[in-house]
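Breakdown of the fold
Each chain, letter by letter, is given below.
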Amino acid sequence: MTHTTLRQARTALVAAGAAVALLPVAAAPTQAAPADACATMTTPVHLRTDASTGSQLLTTDRAAADAAQLRDDSVAFLASTSARGRLERVYHLRSATGRDAYSTDRAEVAGWRDLGYRQLDDGFFAASGPADCLLPVYELVRGSDHQQALAVTEGQRDEYLADGYSSRGVAFYAGVDRQFSFAVIPDSQQEVLDDRGLWNQRATWLAGQEEALDLRYITHVGDVVNWDTDDHIQYERTNAGVATLDATGIPWSFSIGNHDTMATTVGGSARPGEDTHANQRITETFNRHYGVQHAKNLQGTWEPGKIDNSYSTFAAGGVDWLVLNLELWPREGAIQWAKGVVASHPDHNVIVVTHSFLQGDGSIMKSNGGYGDTSPQHVFDELISQYDNIAFVFSGHTGYTVESTLTGVHGNTIHAINTTLHANNDNPTRIVKVDTAGQTFSSEVSAVASGRTYEGSLFTGSLDLQP
């Protein structure tokens, strides 16, 4: 579906969505925000979602958000904890069954009370009108059970409309932190050859940097381990780190390298006398340790229950993001599936993560490695170059670290970044910092164990972001 068609569908759904029965339509905010609204609204509002009901918990109290043990959807927007600057209180209401609703409009608050909701003492403050530095927060309500949802980005609104919600317009205006980061872990296969704990040390560091870096996502370019054994010891050495990542609530997903499959035997070479092409698709151990059970924001997979080809979404910097993890030298079916994923998410800025893409000199690899199905060049020609919302491609496998600025068929810029350090005594991590206001990024590799910043790893550039 094209951008135009999807947005036409959204408009039609909004037009068709009458007010939910028994609930008054909230008055649309019209008064311009006070001049100091953006300076006043600086407190993160944490979003947690009950996946079974769709109910959203929005709170400025991070500890309370985490204690709720709901899906962690990070920071939704910025607000104020007081009415400074003539801000409006966003009332928080809760039903007897634990469903939450929010409104600045007293008539709508009364409507929620008529539905059995009670007003709580918490809440936050936002603007009743627009300003250049603020974003509108939209209210949607599901007709079947009056479940409310608040959405900032277009992608979020599309998802709720597709799930049967009706739009009720702008609820209020809030601030947004336009700068955030995500982490890309390079080939870590050397880190798990012994019990020094380098892999887990990195995970602990990432967890500790969540707020300082405004860290919104963690991914891996593949070759998490070097080879598998009957006792799966290399995978087991990452267990503590995996538990640490899970506990943060930061969404994460890993891509699969050749060393993460049955293509590789002890020592790192191909299994003698076996079909390497077939073996590289045997990924049961990888999926047991890093599979769908860990992917909190997982939206879909090509093969049921397998993380090998999967995609997750998150919102950050006021825009939507989609992380597409693609298998090594992918099968044609996986590429066609991925095309459908990207095409159906035109409002999302796409980050592709696959084990092999760039070579050491920055050119796109043109072979399938001798035992793959397709080449990275084919993936570029068929998938990556075809969509104007693909922003990044991250890979490893070969070389050291290099960046290539590619151009898609629509004239859009795509930043391909390879990071393959194969550190024997270190745990390097690439941090990508994004500024959606300036539509720029910067990215550099450093390590926890050595404190080293890797020479030649700093890349910067401009981004063609979707709204």
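Anything mentioned here points back to the structure above.
Residues numbered from 1 in each chain as written. Predicted model: local features only at pLDDT ≥ 70, side-chain atom pairs only at ≥ 80, totals over all residues. Heavy atoms only, no water.

1. Quick notes on the overall build of the protein chain
Within the protein chain, the secondary structure is distributed over twelve helices and 23 strands. Compactness check: the protein chain gives a C-alpha radius of gyration of 23 Å against a globular reference of 23 Å for 467 residues, within 12% of the reference. Dimensions along the principal axes, computed over C-alpha positions, put the protein chain at roughly 75 × 45 × 40 Å. With 467 residues in all, the protein chain has 57% of them scored as buried. (Helix = DSSP H or I, 4+ residues; strand = E, 2+ residues; numbered from the N terminus. Rg over C-alpha atoms; globule rule 2.2 N^0.38 Å. Buried < 20%, exposed > 50% of the residue type's maximum accessible area, 1.4 Å probe, protein only.)

2. Considering the packing of aromatic side chains
Following the criterion strictly, the structure yields 21 aromatic pairs and no others. Aromatic pair Tyr160 and Tyr165: ring centres 5.0 Å apart, planes at 70 degrees, arrangement edge-to-face. Both residues of the pair, Tyr160 and Tyr165, count as buried. Between the aromatic rings of Phe182 and Phe394, the centroid separation amounts to 5.8 Å while the plane-to-plane angle is 85 degrees, which identifies the pairing as edge-to-face. One end of the pair, Phe182, is in strand β11 (residues 179–185); the other, Phe394, is in strand β18 (residues 390–395), and 212 residues separate them in sequence. (Phe/Tyr/Trp six-rings, centres within 6.5 Å; stacked < 30°, edge-to-face > 60°.)

3. Section: the packing of helix α6 (residues 198–208) against helix α8 (residues 239–248)
Running from amino to carboxyl end, α6 crosses α8 at an angle of 15 degrees, the nearest separation of the two axes being 8 Å. On the basis of their axis angle, the class for α6 and α8 is roughly parallel. In this structure, α6 meets α8 at a crossing whose hand is left-handed. Together, Trp199, Asn200, Ala203, Thr204, Leu206 and Ala207 of α6 and Asn239, Ala240, Gly241, Val242, Thr244, Leu245 and Thr248 of α8 make up the contact between the two elements. (Axes fitted to C-alpha atoms, helices over the stretch in contact; angles between N-to-C directions. Parallel < 35°, antiparallel > 145°, perpendicular 65-115°, else oblique. Left-handed = near helix turned anticlockwise from the far one by under 90°. Contact = heavy atoms within 4.5 Å.)

4. Remarks on the state of the cysteines
Tallying each qualifying case throughout the model produces one disulfide. There is a disulfide in this structure between Cys38 and Cys133, and the S-S distance comes to 1.2 Å. On the S-S bond that ties Cys38 to Cys133, the torsion sits near 65 degrees, and the link is right-handed. One end of the pair, Cys38, is in helix α2 (residues 37–40); the other, Cys133, is in the loop between β7 (124–126) and β8 (135–142), and 95 residues separate them in sequence. Among the residues examined, Cys38 registers a relative accessible area of 25% and is labelled partly exposed. (Disulfide = S-S within 2.5 Å.)

5. What to know about helix α11 (residues 332–343)
Spanning twelve residues, α11 covers 17 Å between terminal C-alpha atoms, matching the ideal 16 Å at 1.5 Å per step. Regarding α11, the residues found buried are Ala334, Ile335, Trp337, Ala338, Lys339, Val341, Val342 and Ala343. Where the residues of α11 are buried, they touch β14 (298–301), β15 (310–316), β16 (319–326), β17 (348–354), α12 (376–382) and β18. (Expected span 1.5 Å × (residues − 1).)

6. A short note on the sheet that holds β8
Pairing is antiparallel in the open sheet, where three strands are placed in the order β9-β8-β10. Sheet topology places β9 (148–151) and β10 (165–174) at the edges, where each strand pairs with a single neighbour. When the angles between neighbouring strand axes are averaged without regard to direction, this sheet yields 25 degrees. Two strands pair when backbone bridges link them, and β8 and β9 are joined in this way by four bridges, in the antiparallel orientation. Its bridge partner being in β9, Tyr138 is matched across the sheet by Ala151. Strand contacts of helix α5 (residues 154–162): β8, β9 and β10, with the helix running at about 155 degrees to β9, the strand carrying the most contacts. (Pairing = 2+ DSSP bridges.)

7. Considerations on the environment of Asp158
Here Asp158 is to be found in helix α5. Looking at Asp158, the relative accessible area reads 15%, which means it is buried. Counting along the chain gives 60 residues from Asp158 to Gly98, while the straight-line C-alpha distance between them is 25 Å.

All we've got here are geometric facts, nothing functional implied.
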